[in-house]
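The residues making up each chain are set out below.
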Amino acid sequence: MKIQLSEHFTYKKLLRFVLPSIIMMIFTSIYSVVDGLFVSNFVGKTALAAINLTLPIIMGLSALGFMIGTGGSAIVARMLGEKKREKANEYFSMLIYVTAIGGILLSILGAIFIPAIASLLGAKGQLLSNCILYARLSFISMPAFMLQNVFQSFFVTAEKPHLGLYVVIAAGVTNMVLDFLFVGILGFGLAGAALATVCGEFIGGLFPIFYFTRKNSSLLRLGKTQWNGHVLLQTCINGSSELMTNLSSSIMNSLYNIQLMKFAGENGVAAYGTMMYINFIFLAIFFGYSIGSAPVISYHYGAGNQDELKNLFRKSLRLIGTWGIMLALLSQLLAAPLSKLFVGYDAELFAMTEHGFRIYCLAYLINGFNIFGSSFFTALNNGVISAAISFLRTLVFQIIMILLLPTLLGINGIWSAVGIAELMTLCVTITFFIKQRKKYHYV
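Residues numbered from 1 in each chain as written. Predicted model: local features only at pLDDT ≥ 70, side-chain atom pairs only at ≥ 80, totals over all residues. Heavy atoms only, no water.

Asks: Could you give me a rundown of the overall build of the protein, with the residues and numbers involved?
Replies: Looking only at helices and strands, the protein features 16 helices and zero strands. Its C-alpha atoms give the protein a radius of gyration of 21 Å, within 12% of the compact-globule value 22 Å for 443 residues. With respect to the three principal axes, the spread of C-alpha positions in the protein is 60 × 45 × 40 Å. Counting only residues that meet the buried cut, the protein has 60% of its 443 residues in that class. Taking contacts inside the protein between residues at least 6 apart in sequence as the whole, the part at least 24 apart equals 82%. When the accessible surface of the protein is totalled, it reaches about 16,800 Å², and 70% of it is carbon and sulfur. Measuring between centres, the 29 positive side-chain charges of the protein sit 9 Å from its 16 negative side-chain charges. (Helix = DSSP H or I, 4+ residues; strand = E, 2+ residues; numbered from the N terminus. Rg over C-alpha atoms; globule rule 2.2 N^0.38 Å. Buried < 20%, exposed > 50% of the residue type's maximum accessible area, 1.4 Å probe, protein only. Contact = heavy atoms within 4.5 Å. Areas by Shrake-Rupley, 256 points an atom, 1.4 Å probe, with all protein chains shown as cover. Lys, Arg positive; Asp, Glu negative; His and termini not counted. Charge placed at Lys NZ, Arg CZ, Asp CG, Glu CD.)

Asks: Please provide a residue-by-residue account of the pattern of salt bridges, values included.
Replies: Per the stated rule, a full pass over the model turns up five salt bridges. In this structure, R393 and E422 form a salt bridge, with 2.9 Å as the shortest nitrogen-oxygen distance. Here R393, found in helix 15 (residues 383-409), pairs with E422, found in helix 16 (residues 411-440); they are 29 residues apart in sequence, far enough to count as distant. Overall, the relative accessible area of 8% leaves R393 in the buried class. (Salt bridge = Lys/Arg side-chain N within 4 Å of Asp/Glu carboxyl O.)

Asks: I'd like to hear about the packing of aromatic side chains, residue by residue, with values.
Replies: Counted according to the given criterion, the structure contains 21 aromatic pairs. Measuring from ring centre to ring centre gives 5.6 Å for F151 and F212, while their planes differ by 10 degrees; the resulting arrangement is stacked. In this pair, F151 sits in helix 6 (residues 142-157) while F212 sits in helix 8 (residues 189-213), placing the two residues 61 residues apart along the sequence. Looking at F151, the relative accessible area reads 1%, which means it is buried. Residue F212 is classed as buried on the basis of its relative accessible area of 0%. Their ring planes at 25 degrees and their centres at 5.7 Å tell us that F377 and F433 sit as a pair that is stacked. Of the two residues, F377 is situated in helix 14 (residues 367-379) and F433 in helix 16; the sequence distance between them amounts to 56 residues. Both residues of the pair, F377 and F433, count as buried. Here a set of aromatic residues connected by ring pairs shows up, and it is made of Y289, F313, W323, F372, F376, F377 and F433. In this structure, K315 packs its charged tip against the face of Y11, placed 4.9 Å from the ring centre. (Phe/Tyr/Trp six-rings, centres within 6.5 Å; stacked < 30°, edge-to-face > 60°. Lys NZ or Arg CZ within 6 Å of the ring centre and 35° of its normal.)

Asks: Account for the packing of helix 4 (residues 85-120) against helix 5 (residues 125-138), naming residues and giving values.
Replies: Orientation of helix 4 relative to helix 5, taken along the N-to-C sense of each, is 150 degrees, at an axis distance of 9 Å. With respect to their mutual orientation, helix 4 and helix 5 come out roughly antiparallel. Classified by chirality, the crossing of helix 5 by helix 4 is right-handed. For the pair helix 4 and helix 5, the contacting residues are A111, I112, I114, P115, A118 and S119 in the first and L128, C131, I132, A135 and R136 in the second. Of the residues that constitute the contact of helix 4 with helix 5, the class distribution is nine nonpolar, one polar and one charged. (Axes fitted to C-alpha atoms, helices over the stretch in contact; angles between N-to-C directions. Parallel < 35°, antiparallel > 145°, perpendicular 65-115°, else oblique. Left-handed = near helix turned anticlockwise from the far one by under 90°. Nonpolar A, V, L, I, M, F, W, Y, C, P; charged D, E, K, R; others polar.)

Asks: Go over the domain arrangement of the protein with me, naming the residues and quoting the values.
Replies: Often, the extent of an interface is quoted as the loss of accessible area on bringing the components together. Domain annotation of the protein identifies domain 1 (19-227) and domain 2 (240-442). Taken over C-alpha atoms, the centre of domain 1 sits 20 Å from the centre of domain 2. At the junction of the two partners, domain 1 supplies 44 residues and domain 2 supplies 42 residues. When domain 1 packs against domain 2, the two sides together hide about 3,600 Å² of surface, and 69% of this comes from carbon and sulfur. Where domain 1 packs against domain 2, one counts zero salt bridges. (Domains from an automatic or database assignment. Buried area = accessible area lost by both parts, 1.4 Å probe.)

Asks: Break down helix 15 for me, citing the residues and quoting the values.
Replies: Along its 27 residues, helix 15 runs 36 Å from first to last C-alpha, staying within 8% of the 39 Å computed at 1.5 Å per residue. Just past helix 15, the residue G410 takes up positive phi, approximately 70 degrees. (Expected span 1.5 Å × (residues − 1).)

Asks: How would you summarise a nonpolar patch on the surface if you had to cite specific residues and measurements?
Replies: On the surface, I104, I108, L109, I112 and F113 cluster together to form a nonpolar patch covering roughly 480 Å² of accessible area. For I112, the position within the fold is in helix 4. (Patch = residues over 30% accessible without salt bridge, like charges linked within 9 Å, V, L, I, M, F, W, Y side chains within 5 Å.)

Asks: Go over the nonpolar core with me, naming the residues and quoting the values.
Replies: Grouped together as the largest cluster of nonpolar side chains are 128 residues, with contacts concentrated most on F92, F212 and Y289. The greatest single-element share of this core, amounting to 16 residues, is contributed by helix 11 (residues 265-303). (Core = buried A, V, L, I, M, F, W, Y, C linked by side-chain atoms within 4.5 Å.)

Listed below in structure tokens is the structure:
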């Protein structure tokens, strides 16, 4: 049975509604994970290090898609809550067109500047050549990847989360099958991994365009629009936290790589990359829940349903707390087998990866609350608070920790930096929740 944004959400109904978004985020994460898995085992750790050095740059440039998707869906969902469907479709169409144009421009700039950027990160010789090859091929599908990120949010707003799920599954399966074919069987190496990702992202980004431009049964349709600078500005403000999260993550991953090159060399970068692949999938649960629940929160905020806002807020915190404990325990159990899956061919690299991940994974007890807190204020159209949480979480506190802790604890300081930064951010998130509760009536 179809679940509408206007309904009262029990735990069962809330989980059913957000589950497609969670699975969508997991499959989106699988793109990079599968690339890393095949490249590490079939090409070697130098090629794996190349992916790990360039991936933050690619994700940083694609952050426009996350910003427009989350920030724009909050506005469109609010319009639907206010019964202004024509305006909702007009804003939706404009934001999709802006994303496509922005994606093309960023892909061109990325292809031009990637040699200089990779060199600044410390890549030389074969590592530098691999970085340029992987990144330039990946930039081919940058516009499609950004559109996929935008449509992840708008499929939920259109009350079609399951359709969005099917699209992302199709894209993910395509990527996995082609990785096996191009890298595992045909031996195309690093180029094969990049091309597999490109094909998957084209499916994920272009199919939704065909769906929304035709007559459909969803709440949204892609069509004629007109430029509205105010809506675009509000979208950017609302989604600034997601932009900040992705940009900051890219900056921080690059900083981590620089520190790891200093303390552990190429092995450190490869170990950190393996942890990030696992981290992508685990954090996808929190990000997927936040994306899936945000349009519901925005709708009830626009409709003035204060009781339902309280209901959604309380249930969300309980779910996130439960998942955080489960993920932390699961990480400890799977640290060895997952590390072996990626880098089991190198005993020293395997030992470093397993040890680092056991320290790193303690952050799962905390980071879900910060991710939801940022998304929650985005859904309430309060982009300033949302951006503040993300800015502190993903950039300020992490920079302090990654520069300070290694001088005190060595490489263990690098592995523990995220957890300490998340704990500091949680104090800020709780403070915002307490100060803003009377304004938004969510507790």
